[in-house]
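# An overview of the molecular structure
Spelled out from the first residue to the last, the chains are:
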Amino acid sequence: MADILVNLTSLATEMGRLVSEGYVLTVLAPNDEAMVKLTTDQLSEPGAPEQIVYYHIIPEYQTEESMYNSVRRFGKVKFDTLRFPHKVVAKEADGSVKFGDGERSAYLFDPDIYTDGRISVQGIDGVLFPEVEEVVESVKKPVKKVVQPRRGNLLEVACRMLGAIGKDASYFTKCR
């Protein structure tokens, strides 16, 4: 994670500017063992390192205690990330905080590496990736609407009205 941050000086500058303007950040920093597991395919796509880092930055201040309390209280918590619109899902597991699901999950491993009230760095034991949403296209068949003719109903009402006011409606061929 540190190597990627060093190479992404624009991101580091942007983070520094955000903090100096009063924003707070929490960085979920994968440990070295997790970073070694990244493949060249995952890093070779244009913008991939930046997207990985953006997904590990939460635009709010969270300590180990605050994260653990929120997952204990609410069960599952979704934190916004700088990789909009993706969110990091956190839940309680094995007495700790677990981020993500399945193979792409990580536990809070080394809490509160750095905290100063503006920036919080939390160590995790895996690299997180957003959930891949499967797009299922449904085929919609056009629905034919059957409209009942209104003419017959209107004519029937008109014939009854004529009969009600005393007129013989039988001279209308339709009212017989």
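Residues numbered from 1 in each chain as written. Predicted model: local features only at pLDDT ≥ 70, side-chain atom pairs only at ≥ 80, totals over all residues. Heavy atoms only, no water.

The test is simple: UniProt positions are given in the numbering used here, feature names are shortened, and annotations may be inferred rather than shown by experiment.
The name an unreviewed UniProt entry gives the protein chain is FAS1 domain-containing protein, with Brassica napus as the organism. For the record of the protein chain, the UniProt heading Sequence similarities (unreviewed entry) holds the text "Belongs to the fasciclin-like AGP family."

## Observations concerning the side chain of Lys98
Selection rule: Only runs of H or I of at least four residues qualify as helices and only runs of E of at least two qualify as strands under DSSP, and these elements are numbered from the N terminus. In this scheme, a residue with accessible area under 20% of its type's maximum is buried, one over 50% is exposed, and one in between is partly exposed, where area comes from a 1.4 Å probe on protein chains only. Working convention for charge: Lys and Arg count positive, Asp and Glu count negative, and His plus the chain ends are omitted. We count a salt bridge whenever a side-chain nitrogen from Lys or Arg sits within 4 Å of a carboxyl oxygen from Asp or Glu. Only heavy atoms enter the contact rule, under which two residues are in contact if any of them lie within 4.5 Å.
Mapped onto the fold, Lys98 is located in strand E5 (residues 96-99). Among buried charged residues, Lys98 stands out as having no salt bridge; its nearest opposite-charge side chain is Asp101, 5.4 Å away. With residues near it in sequence (within four places) discarded, Lys98 still touches Val89, Ala90, Lys91, Ala93, Ser105, Ala106 and Tyr107.

## So, the pattern of salt bridges
For the structure shown, the criterion picks out four salt bridges. Between Asp101 and Lys91 there is a salt bridge, with the nearest N and O atoms lying 2.7 Å from each other. Of this pair, Asp101 sits in the loop between E5 and strand E6 (106-115) while Lys91 is found in strand E4 (residues 87-93), placing the two residues 10 residues apart along the sequence. According to the relative accessible area criterion, Lys91 is partly exposed, its value standing at 24%.

## As for the nonpolar core
As a reminder, the rule being used: The set of buried Ala, Val, Leu, Ile, Met, Phe, Trp, Tyr and Cys residues whose side-chain atoms join them within 4.5 Å is what this entry labels a nonpolar core.
Ranked by internal contacts, the top residues of the largest apolar core, which has 15 residues, are Leu28, Val97, Phe99, Ile124 and Leu128. For this core, the secondary-structure elements that each account for two or more residues are helix H6 (64-74), strand E3 (76-80), E4, E5 and E6. Not counting chain neighbours up to four residues away, the residues in contact with Phe99 comprise Leu28, Met67, Val88, Val89, Ala90, Arg104, Ser105, Ala106, Leu108, Ile124 and Leu128. Grouped together as the second largest cluster of nonpolar side chains are 10 residues, Leu25, Val27, Ile57 and Val121 included.

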